[in-house]
Amino acid sequence: MSNESVVDVKNLTVGYGDIIVLQNISFSVSSGEIFVILGGSGCGKSTLLKLMSRLLTPTQGRIQRTDSRLSYVFQDATLMPWASVADNVRLPLDLAHSPKAVAAERVQQALATVGLTDFAQHKPHQLSGGMQMRASIARALVTQPDVLLMDEPFGALDEITRHQLDDELRALWQRQPGLTVVFVTHSIAEAVFLSQRVIVMGARPGRIVADRAIDTPLPRDEAFRTSPQFNAQVRELLQLMQAG
């Protein structure tokens, strides 16, 4: 992780009529970190991520981004049901009119990264929920992004699959130095496991109630999930969420 900011949010407010969704949000995301946005339903987590991707425009304040490649992973896999996994993954490159040879190589690399090489010609309905999400992540990775925005991508999966994909995401991030991940979740345990930094959001209106570093030197593995350090950090974030 470097000290360079890839996203800088200053005094951000978003409202719709008399309803304030986000109020006075300020933070920076450093290049190469896993940055987690944690909060309950209705606190504006997904709205904040869409603002960072410029899918939405703030009412007040500003968001500055470096000139970096950005990909977005949504809550649902959002795969084209009629297309193969490989065709789904290749879609961003097709839209960018990438040369066929370049696209084919990148698709192969992305599928290998998420462990779906043997499922390239399968249709989405032939995959489990976890595998569909891996395909969605491969589609995001095929453009070789610098910043990966992820909006509760594992929230609908069972706990075992969710743990496995959290493990795989950490491993992916470690294999790609410089990759920045901004991850939205309502799961405190997931936030502690994944993040280097986590902001805790309060609701009505959405605002930041805490900004915490998760800087444990322990390996992020199954043993970490049952360690005293993990449990202490989970308790702290739970108290912050309850107070917010």
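Read on for an overview of the structure. (Residues numbered from 1 in each chain as written. Predicted model: local features only at pLDDT ≥ 70, side-chain atom pairs only at ≥ 80, totals over all residues. Heavy atoms only, no water.)

1. Some points on the overall build of the protein chain
Tallying secondary structure elements over the protein chain gives eight helices and nine strands in all. For the protein chain, the C-alpha radius of gyration of 18 Å lies close to 18 Å, the compact-globule estimate for 244 residues. The buried share of the protein chain, reckoned over its 244 residues, is 49%. Sequence separation of at least 24 residues holds for 70% of the intrachain contacts in the protein chain that already meet a minimum separation of 6. Approximately 11,700 Å² of the protein chain is accessible, and the part contributed by carbon and sulfur atoms is 51%. (Helix = DSSP H or I, 4+ residues; strand = E, 2+ residues; numbered from the N terminus. Rg over C-alpha atoms; globule rule 2.2 N^0.38 Å. Buried < 20%, exposed > 50% of the residue type's maximum accessible area, 1.4 Å probe, protein only. Contact = heavy atoms within 4.5 Å. Areas by Shrake-Rupley, 256 points an atom, 1.4 Å probe, with all protein chains shown as cover.)

2. Remarks on helix 3 (residues 100–113)
In a regular helix each residue adds 1.5 Å, so 14 residues correspond to 20 Å; helix 3 covers 20 Å between its end C-alpha atoms and thus fits that length. Inspection of helix 3 places Ala 103, Val 107, Ala 110 and Leu 111 among the buried residues, and these make up the whole buried set. For helix 3, the angular spread of the buried residues around the axis is 95°, confining them to a single face. For helix 3, the exposed residues lying more than 90 degrees away from the buried face are Ala 101 and Gln 108. Immediately downstream of helix 3, the backbone of Gly 115 shows phi near 75°, a positive value. (Expected span 1.5 Å × (residues − 1). Arc of directions from axis to C-beta.)

3. Points about the environment of Gly 155
By the element assignment, Gly 155 lies in the loop between strand 6 (147–151) and helix 5 (159–175). Residues Gly 155 and Thr 185, 30 residues apart in the sequence, show an inter-C-alpha distance of 7.5 Å.

4. Digging into the packing of helix 2 (residues 85–95) against helix 4 (residues 129–141)
Following both chains from N to C, one finds helix 2 and helix 4 inclined at 35°, their axes separated by 7 Å at the closest point. Between helix 2 and helix 4 lies a crossing of right-handed hand. In this structure, helix 2 uses Val 85, Asn 88, Val 89 and Pro 92 to contact helix 4, whose residues at the interface are Ala 135, Ala 138 and Arg 139. For the contact of helix 2 with helix 4, the class distribution of residues is five nonpolar, one polar and one charged. (Axes fitted to C-alpha atoms, helices over the stretch in contact; angles between N-to-C directions. Left-handed = near helix turned anticlockwise from the far one by under 90°. Nonpolar A, V, L, I, M, F, W, Y, C, P; charged D, E, K, R; others polar.)

5. Some remarks on unusual backbone geometry
Omega for the bond connecting Arg 204 with Pro 205 falls within 30 degrees of zero, at -5°, which places this linkage in the cis form. Along the chain, Pro 205 falls in the loop between strand 8 (197–202) and strand 9 (207–213). Backbone geometry places Arg 54, a non-glycine residue, at a positive phi of 70°. By the element assignment, Arg 54 lies in the loop between helix 1 (45–52) and strand 4 (60–65). With a phi angle near 55°, Arg 204 is a residue other than glycine that sits in the positive phi range. As for its position among the elements, Arg 204 is in the loop between strand 8 and strand 9.

6. Observations regarding the packing of aromatic side chains
With the rule as written, the count across this model stands at five aromatic pairs. Pairing Phe 27 with Phe 35 gives two aromatic rings, centres 5.2 Å apart and planes at 20°, and the pair type is stacked. A residue is classified by how much of its surface remains accessible, and Phe 35, at 0% relative accessible area, is buried. By way of ring pairs, the aromatic residues Phe 193, Phe 224 and Phe 230 are connected into one cluster. Seen from the ring of Phe 193, Arg 225 lies directly overhead, with NZ or CZ sitting 3.8 Å from the centre. (Phe/Tyr/Trp six-rings, centres within 6.5 Å; stacked < 30°, edge-to-face > 60°. Lys NZ or Arg CZ within 6 Å of the ring centre and 35° of its normal.)

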